[in-house]
Amino acid sequence: MHQLPTTAKAVIIGGGIVGCSVAYHLGKLGWIDTVLLERKKLTSGTTFHAAGLVGQLRTSANITQLLGHSVALYRSLQDETGLETGWKMNGGLRLACNAERWTEVKRQATTAHSFGLEMHLLTPKEAQELWPLMTIDDLVGAAYLPTDGQANPSDITQSLAKGARMAGVKIFEDTPVTRVIVEDGRIRGVETPFGTIECEKVVCCAGQWTRTLAATVGVNVPLVSVEHQYMITERIEGVTTTLPTLRDPDRLTYWKEEVGGLVWGGYEPNPKPWATAGIPEGFHFETLTPDWEHYEQFMENAIARVPALATAGVKQLLNGPESFTPDGNFILGEAPELRNFFVGAGFNAFGIASGGGAGMALAEWVAKGEPPFDLWPVDIRRFGNPHRDTDWVRARTLEAYGKHYTIAWPSEEMRSCRPTRRSPLYAHLKTAGASFGEKLGWERPNWFADLAAGETPADRYSYGRPGWFDAVGREHRAAREAAVLIDQTSFAKFRLKGPDAAAALDWICAGNVDRKPGNLTYTQMLNRKGGIECDVTVARLATDEFYIVTGTGFATHDFDWISRNLRGDCTLSDVTSGHAVLSLMGPKARDILARVCPDDLTNAGFPFGTARRISIARCPVLALRVTYVGELGWELHMPVEVAVTVYEALTEAGAEDGLTNAGYRAIETLRLEKGYRAWGSDIGPDHSPVEAGLAWAVKMKSNRPFLGREAVEAQLSGGVKKRLATFTAAPEVVLLGRETIYRDGERVGWLSSGGYGHTIGRAIGMGYVRHPAGVTEEFVLSGRYELEVASERVPAEVTLAPLYDPAAARVKA
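Let us look at the structure shown here. Keep in mind that what you see is a predicted model, and the values were worked out from it rather than measured.

Concerning the pairing of strand S1 (residues 7-13)
Alright, step 1. Among the 7 residues in S1, 5 count as buried, and that is most of the element.
Alright, step 2. Sheet analysis places S1 next to strand S11 (residues 195-204), joined by 6 bridges and oriented parallel. Residue Ala-10 lies in a different strand from S11, and its bridge partner there is Lys-201.
Alright, step 3. Across 4 bridges, the pairing between S1 and strand S2 (residues 34-37) is parallel.

Listed below in structure tokens is the structure:
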């Protein structure tokens, strides 16, 4: 049994559903020199006690596609391997018990339509016909996804393992990995009690053990164990094998049929962490002592929904620990700290639904060096320094768990672990009425309350107009008519320095950054397919030094992308914490800045797209003439110790011109009017500059090579099948993103972002118009458009030009 090979191309650690799925898909890709090692028995970690519900719809099109791959695989796997999987496509119901939840469900149905999923809105009576055991007196409506289903977790996993073996992958049980061997920063192999296997790549799918194991090689995987309970009943009259899965979020519960009875569980607002001092040695095929008292909080609501539960026999209350993450999404990809160390873990109790697709995606990432499509919502590089602290991770994870079935309000902020990272201006902004949001641990001003008028800086969430709508409108108009000051200290900032810095960056950047010192360039960094991996501004400070600025949440991702593609003698360093940033934006920005700055700020002396070292209130500042709001302005980068001095000087100097504080929610409304793209929504690895309308920022005329150039050239000559456009709708329409785009009655895409333009007085959305035969400017502009919003269609207008143009002093509505 333990005649291990001495070498392998890849070693997978962990024999749950995800590890076996990776093994299965690597086998399909021809990577038969792959070994899977399981410390005990297949499924013995957490897979064996999973509930087995398989839902598909997520807020990301690509993650929905990934879960759709799971469904497609599970439908055919039994025929391929001969092993039963317990797969049933019996559909899935989701209930709504109040008006706000019904709005959420209707928007989810629209999201499903956007992503090509069949999802139907039902009356309470229609829902009851599908699930006769439930009461419906409190229901407003329901949604039904006919392609959802359920599976037997252990059977699915064993079938995947057999498929992997059939392809030639070797699987060893009772073979723990005692050490991952790393020498000179490179993976060399893994050690087990039965010998060492030399390998190039390690795929860690060790479930709730992943964080501890990965930490031994310096890799951070932010997950913790949480107790999760569900009840298994005896047979109940009326429960049939065709009963759909049922989610009742207002009552915090989920249900599925099993052997004529019901499996039902829930997500409580007060979850219990497990193994805070470490997972017990030898823990496998084990569950925890049922906590009846803790579970009791579900009983009243559950019996009210399914009265038959009151007299049903109980087989078991199963308490099984699962790994959960701080944002409720699983963790996938190559670790930024260690090349060729891949992670697939933290599945938040939907590992069965994700397992097939996640295994496919991770296998392709391992085999081809890149994922099959953009996986940013689950990419391990979405995390950063705060997530290295286990207490931080646990507190945030417990909050996320408790919100699993609460309404997912637009722009909702988490409350735990705050504040962690604060700008030197935090106290000033708080006193000024800031309502803060959080990103990657940073406190950032979202909007400002008018304290003098009695407003309070507290978010009021809604699927209609949120509580901050008027406050953001004030800040928006101030940016257009006077000037605003925005604390953007949380920007990620990198310094690239060395004799080969210019050549290295010229290869990575699609834009022309190899210009004289003092030039500032907005540029994308592309993958070999032409997809946009990073969207940054680059200031050349010296012949051998560059200053790179990117979004707060992209710090780990962008640093990793740049560093892994560098060539020659140069060093990349993260200087984020050393620099505060104030953005001074608006038509009066120059007048205000001139009162506290002796340097030449004229357009001739300090033109757009340049970087200068200036003095503000006798303090050194690196000023970048750039804008993300569509107005005259500067990003002012300075040592953190002078930030308060500069802020106070600017505030005093701008008082007579109406200078006001503004936050990130105003940035969003302002950038939508100007048509500026946001990475992670409007642009990303699946979108090229040509498709995104950013070909003007690419150095095609230079004939210099850069990563992704061939793909861009092919699109410029051969055309594209999608193109980013801007849409407007009536002011009462609330656009949030993911609304379906219809052109001449045909579904052609969905909105990647949405909001409201306070200058033009219209709802605004951006999204890709798609067509298999190709998309041209004429194609986009010649159609008649509608948007599906909360399952209703509304008329819309389209443009490829900015809605707001301050240079021409005009607006388009």
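Read on, since the account is not over.
Focus: the packing of aromatic side chains
Alright, step 1. Summed over the entire model, instances satisfying the criterion amount to 26 aromatic pairs.
Alright, step 2. Here Phe-115 and Trp-750 contribute two aromatic rings whose centre-to-centre distance is 5.2 Å and whose plane-to-plane angle is 75 degrees, an arrangement assigned as edge-to-face. In this pair, Phe-115 is assigned in the loop between helix H3 (99-114) and strand S5 (120-122) and Trp-750 in strand S34 (residues 746-757), connecting sequence segments 635 residues apart.
Alright, step 3. You can call Phe-115 buried: its relative accessible area is 16%.
Alright, step 4. Judged by centre distance (5.3 Å) and plane angle (75 degrees), the rings of Trp-376 and Trp-679 are edge-to-face. One end of the pair, Trp-376, is in the loop between helix H8 (351-368) and helix H9 (390-402); the other, Trp-679, is in the loop between helix H16 (664-674) and helix H17 (709-718), with 303 residues separating them in the sequence.
Alright, step 5. Joined through ring pairs, the aromatic side chains of Trp-131, Trp-255, Trp-264, Tyr-295 and Phe-298 make up one cluster.
Alright, step 6. The lysine or arginine in question, Arg-743, covers the ring of Phe-779, its NZ or CZ lying 3.7 Å from the ring centre.
Alright, step 7. When the ring centre of Trp-750 is taken as reference, the NZ or CZ atom of Arg-770 above it lies at 4.2 Å.

Observations regarding the pattern of salt bridges
Alright, step 1. One pass over the structure, following the stated rule, counts 48 salt bridges.
Alright, step 2. Taking the shortest distance from any N to any O, the salt bridge between Glu-258 and Lys-256 comes out at 3.5 Å.
Alright, step 3. Three or more residues joined by partner-sharing salt bridges are found here, namely Glu-334, Arg-339, Asp-379, Arg-381, Asp-560 and Arg-564.

Considerations on the pairing of S34
Alright, step 1. For S34, the buried fraction is high: 9 of the 12 residues fall into the buried class.
Alright, step 2. Bridge analysis of strand S33 (residues 740-743) against S34 gives 4 bridges, and the strand direction is antiparallel. Residue pairing in the sheet places Ile-741 in a bridge with Gly-749 of S34.
Alright, step 3. The turn linking S33 back onto S34 is made up of 2 residues, and Asp-744 within it adopts a positive phi angle of 50 degrees.
Alright, step 4. With 6 bridges joining them, S34 and strand S35 (residues 762-775) adopt antiparallel strand pairing.

Topic: the sheet that holds strand S21 (residues 484-487)
Alright, step 1. Pairing in this open sheet of 6 strands is mixed, and the strands run S28-S29-S30-S27-S21-S31 from one edge to the other. Looking at strand neighbours, the two that pair on one side only are strand S28 (611-616) and strand S31 (660-661), the edges of this open sheet.
Alright, step 2. In terms of strand pairing, S21 meets S31 through 2 bridges, oriented parallel. Within S31, the position partnered with Leu-485 by the bridge is Asn-661.
Alright, step 3. Here helix H11 (residues 469-481) sits on the sheet and contacts S21, strand S27 (579-585) and S31; the angle it forms with S21, its principal contact strand, is near 120 degrees.
Alright, step 4. Against the sheet, helix H15 (residues 643-654) touches S21, S27, S28, strand S29 (619-624), strand S30 (633-639) and S31, its axis set at about 15 degrees to S27.

Rules behind the numbers
Residues numbered from 1 in each chain as written. Predicted model: local features only at pLDDT ≥ 70, side-chain atom pairs only at ≥ 80, totals over all residues. Heavy atoms only, no water. Buried < 20%, exposed > 50% of the residue type's maximum accessible area, 1.4 Å probe, protein only. Helix = DSSP H or I, 4+ residues; strand = E, 2+ residues; numbered from the N terminus. Pairing = 2+ DSSP bridges. Phe/Tyr/Trp six-rings, centres within 6.5 Å; stacked < 30°, edge-to-face > 60°. Lys NZ or Arg CZ within 6 Å of the ring centre and 35° of its normal. Salt bridge = Lys/Arg side-chain N within 4 Å of Asp/Glu carboxyl O. Contact = heavy atoms within 4.5 Å. Axes fitted to C-alpha atoms, helices over the stretch in contact; angles between N-to-C directions.

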